[in-house]
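# Coordinate inspection notes
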Amino acid sequence: MNVQFKQDHQFKNKYTDSFRSDVLKGLSAHQKKLSSKYFYDKTGDHLFQQIMAMPDYYLTQCELDIFQNKTEEMATAISHINESFDLIELGAGDAMKSSYLLKKLVEKGTDFTYMPIDISGNILSVLQENLNKKLPELKILPLEGEYFDMLDKATGISKRKKVVLFLGGNIGNMEIDEARHFCREVKRKLNSGDLFLVGFDLKKNPNTILAAYNDPAGITAAFNLNLLTRINRELNADFKLEQFQHYQNYDPVSGACRSFLVSLCDQKVHIGNHVFHCRENELIDMEVSQKFSEKEIRKLAEDSGFHILIEINDAKNWFVDSVWVI
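Residues numbered from 1 in each chain as written. Predicted model: local features only at pLDDT ≥ 70, side-chain atom pairs only at ≥ 80, totals over all residues. Heavy atoms only, no water.

### A few points about the confidence of the model for the chain
Regions with low pLDDT should not have their predicted coordinates read in detail. For the chain, the mean per-residue pLDDT works out to 92, and 95% of the residues sit at or above 70. Low pLDDT, under 50, characterises residues 3-11; the stretch is placed with three contacts to residues that sit more than four places away or in other chains. (pLDDT = per-residue confidence, 0-100. Contact = heavy atoms within 4.5 Å.)

What follows is the structure, encoded as structure tokens:
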């Protein structure tokens, strides 16, 4: 067996086992829950590209505004390292935003290697193909897998300084305690002088936030429901998608924007040999998209052992990329 094929096969088996374990555990809980990290198969990637292109989905445009128009400011903040480094992006996606920073760093003759990490091998192949065309001189090393597994791998590849990007407001896809634990884990894997750049969606008019996640075209609903299709396909399940409905809400006090799937009737769902009962109107918790105040961001950085080096806002002050240093 080819060594690379064997490694890929082992990774896929491990990934499928984790997927099955997480799904079974989540559906067995008192409050049924599915992890949003599994949204991103090939169809999920495509649907999320459509979501990011929606007029009401302001997050992409706000952070894109920062990367397009404040690229020099961001590159200057990163040059704080003042030596060669590895630029590691967690959940890189198609690198639409970070590509502006990559281009600026390449133009400056900066000595760095870009290491995009994503759980979706499909989107990483798209990313690499696009960047090879746009920035042929860029040194790129894609890493497919879970954030911390691949961050361990990335930090083991070289002893150079690290700059870790976590964009798109993805920090908001965790409960507050989980986000604090996540940031502490990132710090634990880095060294003094390394940087952590985190994108935060700021609290704003609640109607603006809700509209971003509750589109009338139903793309966000399809994005959520696609996870059930994936479970059917990959885990031998029999979810009937027409018997579930997407529901979205936003609490402007806590800043939590949550999506659920509602069971429209009493029904049983089979996953292999496992049987789950969904009562009529029972909820499956699908995703949280947490919004932050400036005070909450400062507290998160402090609680995680980082210092804020600089904060770069978009033109509307709806979004901030906060650069932290150990």
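### Points about the packing of aromatic side chains
Overall, the coordinates contain 21 aromatic pairs when judged by the stated rule. Here the aromatic rings of Phe-200 and Phe-292 are separated by 5.0 Å at their centres, their planes lie at 80°, and the arrangement is edge-to-face. Here Phe-200, found in strand S5 (residues 195-201), pairs with Phe-292, found in the loop between strand S10 (283-290) and helix H11 (294-304); they are 92 residues apart in sequence, far enough to count as distant. On the basis of relative accessibility, which here comes to 3%, the residue Phe-292 falls in the buried class. Chaining the aromatic ring pairs together yields one cluster made of Phe-39, Tyr-40, Phe-48, Tyr-57, Tyr-213 and Phe-223. Taking NZ or CZ as reference, Arg-230 lies 4.9 Å from the ring centre of Phe-19, over its face. (Phe/Tyr/Trp six-rings, centres within 6.5 Å; stacked < 30°, edge-to-face > 60°. Helix = DSSP H or I, 4+ residues; strand = E, 2+ residues; numbered from the N terminus. Buried < 20%, exposed > 50% of the residue type's maximum accessible area, 1.4 Å probe, protein only. Lys NZ or Arg CZ within 6 Å of the ring centre and 35° of its normal.)

### Remarks on the sheet that holds strand S7 (residues 256-263)
Spatially, S6-S7-S10 is the arrangement adopted by the three strands of the open sheet, whose pairing is antiparallel. Unpaired on one side and paired on the other, strand S6 (244-251) and S10 mark the two borders of the sheet. Adjacent strand axes in the sheet meet at a mean angle of 20° when their direction is disregarded. Pairing of S6 with S7 involves eight bridges; the strand directions are antiparallel. Its bridge partner being in S7, Phe-244 is matched across the sheet by Ser-263. Seen against the sheet, helix H9 (residues 206-213) touches S6, S7 and S10 and runs at an angle of roughly 160° to S6. Relative to the sheet, helix H10 (residues 219-235) contacts S6, S7 and S10, its axis offset from that of S6 by approximately 125°. (Pairing = 2+ DSSP bridges. Axes fitted to C-alpha atoms, helices over the stretch in contact; angles between N-to-C directions.)

### What to know about the packing of helix H2 (residues 42-52) against H10
Packed helices, taken two at a time, are described by the angle between their axes plus the distance between the axes. The N-to-C vectors of H2 and H10 enclose an angle of 160°; their axes lie 9 Å apart at closest approach. Relative to H10, the element H2 lies roughly antiparallel. The element H2 and its partner H10 pack so that their crossing is left-handed. Mapping the contact onto sequence places Thr-43, Gly-44, Leu-47, Phe-48, Gln-50 and Ile-51 in H2 and Ile-219, Thr-220, Ala-222, Phe-223 and Asn-226 in H10. (Parallel < 35°, antiparallel > 145°, perpendicular 65-115°, else oblique. Left-handed = near helix turned anticlockwise from the far one by under 90°.)

### Examining the nonpolar core
Counting residues in each nonpolar core, the largest one holds 69 residues, and the members touching the most others are Tyr-114, Ile-231 and Ile-271. Take this core: its biggest share by element is seven residues, from H10. Setting aside anything within four residues of it in sequence, one finds Tyr-114 in contact with Leu-87, Glu-89, Ala-92, Ala-95, Ser-98, Leu-102, Leu-127, Leu-131, Leu-138, Lys-139, Ile-140 and Leu-141. In terms of nonpolar packing, the next biggest core, distinct from the first, is built from 28 residues, Ile-88, Phe-200, Leu-300 and Trp-324 among them. (Core = buried A, V, L, I, M, F, W, Y, C linked by side-chain atoms within 4.5 Å.)

### Focus: the pattern of salt bridges
Under the criterion given, the structure shown has 27 salt bridges. Across the salt bridge formed by Asp-17 and Arg-20, the nearest N and O atoms sit 3.5 Å from each other. Linking Asp-17 with Arg-20, this pair stays in helix H1 (residues 3-28), spanning three residues, or about one helical turn. Among the ionic pairs, Asp-303 bridges to Lys-299, the shortest N-O distance being 3.2 Å. Separated by four residues within a single helix, Asp-303 and Lys-299 lie in helix H11, roughly one turn from each other. The partly exposed category is assigned to Lys-299, whose relative accessible area is 49%. (Salt bridge = Lys/Arg side-chain N within 4 Å of Asp/Glu carboxyl O.)

### Quick word on empty space enclosed by the protein
Inspection of every chain in the model, using the stated rule, returns one cavity of 30 Å³ or more. Approximately 30 Å³ is the volume attributed to the largest cavity. Along the walls of the largest cavity sit Asp-22, Val-23, Lys-33, Leu-34, Ser-35, Tyr-38 and Leu-227, which together make up its complete lining. Across the lining of the largest cavity, the residue classes tally to four nonpolar, one polar and two charged. (1 Å grid on protein atoms, 1.4 Å probe; cavity = no way out; pocket = protein on both sides within 12 Å on 5 of 7 lines; lining within 4 Å. Points joined across faces, edges and corners; volume = space filled by probe spheres on them. Nonpolar A, V, L, I, M, F, W, Y, C, P; charged D, E, K, R; others polar.)

### Quick notes on the side chain of Lys-97
With respect to the helices and strands, Lys-97 occurs in the loop between strand S1 (85-90) and helix H5 (98-107). On the basis of relative accessible area, Lys-97 is assigned to the buried category, the value being 13%. Within the structure, Lys-97 has its side chain in polar contact with the side chain of Glu-63 (distance 2.9 Å). Those residues within four positions of Lys-97 in sequence are excluded, and the remaining contacts are Thr-60, Glu-63, Leu-64, Phe-67 and Gly-168. (Polar contact = N/O pair within 3.5 Å; in protein donor to acceptor, adjacent residues only side chain to side chain.)

### Focus: the sheet that holds strand S3 (residues 143-144)
The strands making up a sheet associate through hydrogen bonds between their backbones, and the pairing can be parallel or antiparallel. With mixed pairing, the seven strands of this open sheet are ordered in space as S3-S2-S1-S4-S5-S12-S11. Each edge of the open sheet carries a strand with a single partner, namely S3 and strand S11 (307-313). The sheet contacts of helix H4 (residues 71-78) involve S1, strand S4 (161-166), S5, S11 and strand S12 (319-325), and relative to S11 the element is tilted by about 170°. Contacting S5, S11 and S12, H11 runs over the sheet at an angle of about 20° to S12.

### Quick notes on H10
Between its terminal C-alpha atoms H10 stretches 24 Å, which fits the 24 Å expected from 17 residues at 1.5 Å a residue. Across the 17 residues that make up H10, a large majority, 12, are buried. Within the span of H10, buried status applies to Ile-219, Thr-220, Ala-221, Phe-223, Asn-224, Leu-225, Asn-226, Leu-227, Leu-228, Arg-230, Ile-231 and Leu-235. With its phi angle positive at about 55°, Asn-236 sits one or two positions after the end of H10. (Expected span 1.5 Å × (residues − 1).)

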